[in-house]
Amino acid sequence: MQNDAAFFFKNIQFGYDSKVILNIPDLLIPRAGMVFIIGPSGIGKSTLLESIGLMSNTFKNFDDSSSEFSILNENFNPEYLWKRDENKLTSIREKLFSFIFQTTNLMSNFSVLENILMAANFTPDEQNKIESEVKLLLKKMSLPDDILDRSPQEISGGQKQRVAFVRALVGQFSILLADEPTGNLDIENSKALFGILSDHIKEKNKVAVIVTHHSELAHEYGNMIIEILPTKNGYATTRVLKKEAFTFKEGVKS
Amino acid sequence: MKPERSLFFKFKHPKERIFHRREYNSVKGKKSGILVMLTVLLFFSLFSVVLGKAGLDYLNYKMNDPFIKWFNIPVSNHSYRHNYAEIKKFFDENAASHEFSFSKSTGSYRALWKFYRSEGGGTILAFVQSFNFWEDKDLINSICEEDNLIYDFGDVKNLTPEKLQDGVIISINLVKDLECDIADLKTNKIMIQDGDNLPLTVLAVVKSLPNRSQVFAENRLVVTLNNYGESNVSGSSSFESNELSVYVKVNDNEARVKTEISALLKSEFGLTYGDERAAKPDLNLLSQNKVMTFYDLSENLDLSARRRISTKLAEDLYPYNAALMYDHSLLIPHESMVYGDPESKDYSTGNMFDILSFKIEDLSAISPFQDVVLEKYKMELDLSQVEAKENFGVVSFMSIFLILSLVFFAGFAILIYLFNLMKSHLEKISMNLGTFLAFGMPKEFLYKGYLRIIFRLIASATLLSLVFLTGIILAIRLTMYALHLPEFLGYMEVFTNIWLWLAIAVFGGVSFVLFRNLLKSFLSCPPGDLIYNRS
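A quick note: this is a predicted structure, and the numbers were derived from the prediction, not measured.

We now examine the overall build of chain A. When helices and strands are counted, chain A shows eight helices and 11 strands. Classification of the 254 residues of chain A by burial places 57% in the buried group. Looking at chain A as shown, the accessible area adds up to about 10,700 Å², and 45% of this sits on carbon and sulfur atoms.

The structure is reproduced here in structure tokens:
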């Protein structure tokens, strides 16, 4: 089972300073499919996403004998990584992860294409290939080609969000992490984007871990739904609400 | 794909180029406003350094008088004249005993010579001081010091008596008064009007001469000219000649000048025109460019006759700068005189010198020496130069302190400005940079990227300010004489100004350390903290 895991958690805690806000006794996030994390505001959804995306060190009380944390079947001691091996952190982020944020975080002084290229992982020889891939994704997102040369300030909020999707999907990655990716969009546009995302993820045999408030979207597009809910101990924990049989296909290239 | 190059850097990856171009444009501001502001600030700071250094160099030049250690006693002055022998003896004995460790000159004559001017016509007066070729080596060496010597036409470090027969050393001030180019003095002689007219060879042009004199000549030349007409001191057999040359300055009025002079000399003195030549190759004069020779004289003209002719020409042909000349070799000291024993001739012992000079190596000894001569001979030495030198020391120290303070505060202000600019820029885009880091961009990429941007910004502003500075200095140099700008502005230097480069180097070094620390501190935050603005 663990061989198909994008993430595997055993006895893992997250928190700030000395306070534990989320405790995960045992959880496996599969290596393929759409995985949604839902739960009330402030419960720790974004904290969980930040932590597993190695954006912040909120891991707490990691104990080598009883705790286990793995990314794509490789075990890590996250506290050690953060303290001693920053290069490894950078390398994991570069090779495995891609992100979509609620605020698109596009650089206003860069063109749309430049914003996408800056986040992409490619060698100098692959620039043309990446640009072709960007154009294909633009079509999927119903964005015109000429948007690439425009500044993010010159395009609408919806277009910006679609560009953020393109930025996340282009190039090599294994795990897409999205924090309220359609939080600023209406439900129709959200559905449209999730539809495209779901198709792309399935087509490319990848996994998307998405934090959202919209449980109906989660149920509609999610192969797995993880709910974060409070406990009497003062911290939250996770519960799997839905889990479809959607397995990673070995040998399928993105 | 080949690495991409810009004016400043070589980029290995397209992302580096994109990042550098966009972020540099952002940091330098709208319409390069920040770059312009930085350039202006740097320009004024560097201009202050250049200006301060120029002021100090100018003062230093002015104060670097090779005769600072030389003191002159005007023994021909009424107050000392009656004590002349005693004073001279005192100096001779004390120099020998080295009680005050000074060296002395044999004594000098002072004279006023009238020189024909080059451009403006007419004549000017200049102070002359004499020296003894055989004994005043110290004084000659002071004059020929590298800092004092501006042009050396006659190899003055290897003077010979022959050179000094009609050779003089003149000050740069006299060159200005003569209204000529220094280069012209290499091939042209300057002519003095002293009884008859005498062409002199300029051996060298120097910054300054002892006792604020403008001409420095050997004793015998000065004495010969002082005594001219009174006795046959030149050693030649006769002053009389039946050849008379008239030197004039002509332009396109040559024919008229010739007619006027010929008519005047014929009617008044019965002289007949002989021939005309351009100035003789061996006697090119600075002030006159045409010579007309008159022969066929009924009898040799004596001194009084020549003076009458000279006066008449000067009055009637004033605009032509007319000068008479006989055989000019008659006027200069005879070679045998120059080589003569200095002690046996009346130039050095028989005549009273006008000035006794001495040189004190240790300037702190001048006060006790002043006390002695004041008590003995009621003699007050002119110590103004020594005091000026001391004042210069104070002014120099204050100036250096003020310039350093100015550079420090200007540099500090610029760095604070840049630091805050960069900090607020980074804070403004921390969310975006955090996003790049989350996507796996190495921190080193951003660290190097921003150091490059800061380097380029500072280097561009420095280069621009240096270009403006060079332009301004060039403009000042080209117009300073026409606009009567202060002379010290001519001392402004950019490329050879060590202070300037030191200021730039310190500024660059401090900038590097400051911005390296800022970036290290900023990038030490995890990407999540940058994205969600958690400090």
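From this point, the narrative continues.
As a further point, take the interface of chain B and chain A. Taken residue by residue, the interface counts 32 residues in chain B and 33 residues in chain A. Interface of chain B and chain A: buried area, both sides summed, is about 2,800 Å²; carbon and sulfur atoms make up 60% of it. Connecting chain B to chain A are three salt bridges. Residues Lys443 of chain B and Glu86 of chain A are paired through a salt bridge, measuring 2.6 Å at the closest nitrogen-oxygen approach.

Here the focus is the packing of aromatic side chains. Summed over all chains, the structure comprises 31 aromatic pairs over all chains. Taking the centre distance of 5.5 Å and the plane angle of 25° together, the rings of Phe71 of chain B and Phe358 of chain B count as stacked. With a gap of 287 residues between them, Phe71 of chain B in strand 3 (residues 70-73) and Phe358 of chain B in strand 16 (residues 356-360) connect regions that are remote in the sequence. Owing to a relative accessible area of 3%, Phe71 of chain B belongs among the buried residues under this scheme. When its relative accessible area of 0% is taken as the criterion, Phe358 of chain B is described as buried. Grouping aromatic residues by their ring pairs yields a cluster made of Phe7, Phe9, Phe14, Phe59, Phe69, Phe97, Phe99 and Phe101 of chain A together with Phe439 of chain B. The residue whose ring lies beneath Lys206 of chain A is Phe173 of chain A, and the NZ or CZ to ring-centre distance is 4.6 Å. The ring of Tyr447 of chain B is capped by Lys520 of chain B, whose NZ or CZ atom sits 4.7 Å from the centre of that ring.

This paragraph deals with the side chain of Ser357 of chain B. All names here are of chain B. Inspection of the secondary structure assignment puts Ser357 in strand 16. When its relative accessible area of 2% is taken as the criterion, Ser357 is described as buried. A polar side-chain atom of Ser357 sits 2.8 Å from a polar atom in the side chain of Asn72.

All names here are of chain B. For chain B, mean pLDDT is 80; residues scoring 70 or higher make up 83% of the total. Predicted confidence is poor over residues 230-238, with pLDDT under 50, and the contacts of this stretch with residues over four places away or in other chains come to 15 contacts. The low-confidence segment residues 343-349 (pLDDT under 50) makes 15 contacts with residues lying over four places distant or belonging to another chain.

This part covers the UniProt feature "transmembrane region" (unreviewed entry) in chain B. All names here are of chain B. If you check UniProt for "transmembrane region" (unreviewed entry), the listed places come out as residues 392-419, 453-478 and 498-515 in our numbering. Across residues 453-478 one finds 100% helix and 0% strand; the C-alpha atoms that close the span lie 37 Å apart. Annotated as residues 498-515, this span is 100% helix and 0% strand, and its ends, taken at the C-alpha atoms, are 25 Å apart.

Here we take up the environment of Asn211 of chain B. Residue and element names in this part refer to chain B. You can see Asn211 is positioned in the loop between strand 10 (196-206) and strand 11 (215-218). Considered as a pair, Asn211 and Ile73 are 138 residues apart in the sequence and their alpha carbons are 9.9 Å apart. Among the polar contacts listed, one links the side chain of Asn211 to the side chain of Asn72, at a separation of 3.4 Å.

Oppositely charged side chains are able to pair whenever their charged atoms sit close together. The final tally for this structure, using the stated rule, is 15 salt bridges over all chains. Lys242 of chain A serves as the salt-bridge partner of Glu244 of chain A, at 3.5 Å between the closest nitrogen and oxygen. Glu244 of chain A sits in the partly exposed class, given a relative accessible area of 39%. Using a relative accessible area of 19% as the deciding quantity, one classes Lys242 of chain A as buried. A network of salt bridges, in which partner residues are shared, links Glu114 of chain A together with Arg21 and Arg22 of chain B.

Another aspect to go through is the pairing of strand 6 (residues 123-131) of chain B. Of the strand pairs in this sheet, strand 5 (residues 110-116) of chain B and strand 6 of chain B are connected by seven bridges, and their pairing is antiparallel. Pairing of Lys114 of chain B across the sheet is with Leu125 of chain B, part of strand 6 of chain B.

A few words now on unusual backbone geometry. Residue and element names in this part refer to chain A. Although it is not a glycine, Asn105 adopts a positive phi angle of roughly 60°. Within the secondary structure layout, Asn105 lies in the loop between strand 7 (97-100) and helix 4 (112-119). Classification of Asn105 by relative accessible area gives buried; the value is 4%.

To continue, consider the pairing of strand 9 (residues 207-211) of chain A. Residue and element names in this part refer to chain A. Of all the five residues making up strand 9, five are buried; the element is thus mostly covered by neighbouring parts of the structure. Of the two faces of strand 9, the one carrying Val207, Val209 and Val211 and the one carrying Ala208 and Ile210 are both buried. Bridge count between strand 3 (residues 33-38) and strand 9: five bridges; the pairing is parallel. Of the residues in strand 9, the one forming a bridge with Ile37 is Val211.

A cluster of nonpolar side chains, Val394, Phe397, Met398, Phe401 and Leu402 of chain B, forms an exposed patch at the surface whose accessible area comes to about 540 Å². Residue placement: Leu402 of chain B occurs in helix 14 (residues 384-428).

Rules behind the numbers
Residues numbered from 1 in each chain as written. Chains lettered and ligands numbered in written order. Predicted model: local features only at pLDDT ≥ 70, side-chain atom pairs only at ≥ 80, totals over all residues. Heavy atoms only, no water. Helix = DSSP H or I, 4+ residues; strand = E, 2+ residues; numbered from the N terminus. Buried < 20%, exposed > 50% of the residue type's maximum accessible area, 1.4 Å probe, protein only. Areas by Shrake-Rupley, 256 points an atom, 1.4 Å probe, with all protein chains shown as cover. Contact = heavy atoms within 4.5 Å. Buried area = accessible area lost by both parts, 1.4 Å probe. Salt bridge = Lys/Arg side-chain N within 4 Å of Asp/Glu carboxyl O. Phe/Tyr/Trp six-rings, centres within 6.5 Å; stacked < 30°, edge-to-face > 60°. Lys NZ or Arg CZ within 6 Å of the ring centre and 35° of its normal. Polar contact = N/O pair within 3.5 Å; in protein donor to acceptor, adjacent residues only side chain to side chain. pLDDT = per-residue confidence, 0-100. UniProt positions renumbered as here; feature names shortened; annotations may be inferred. Pairing = 2+ DSSP bridges. Patch = residues over 30% accessible without salt bridge, like charges linked within 9 Å, V, L, I, M, F, W, Y side chains within 5 Å.

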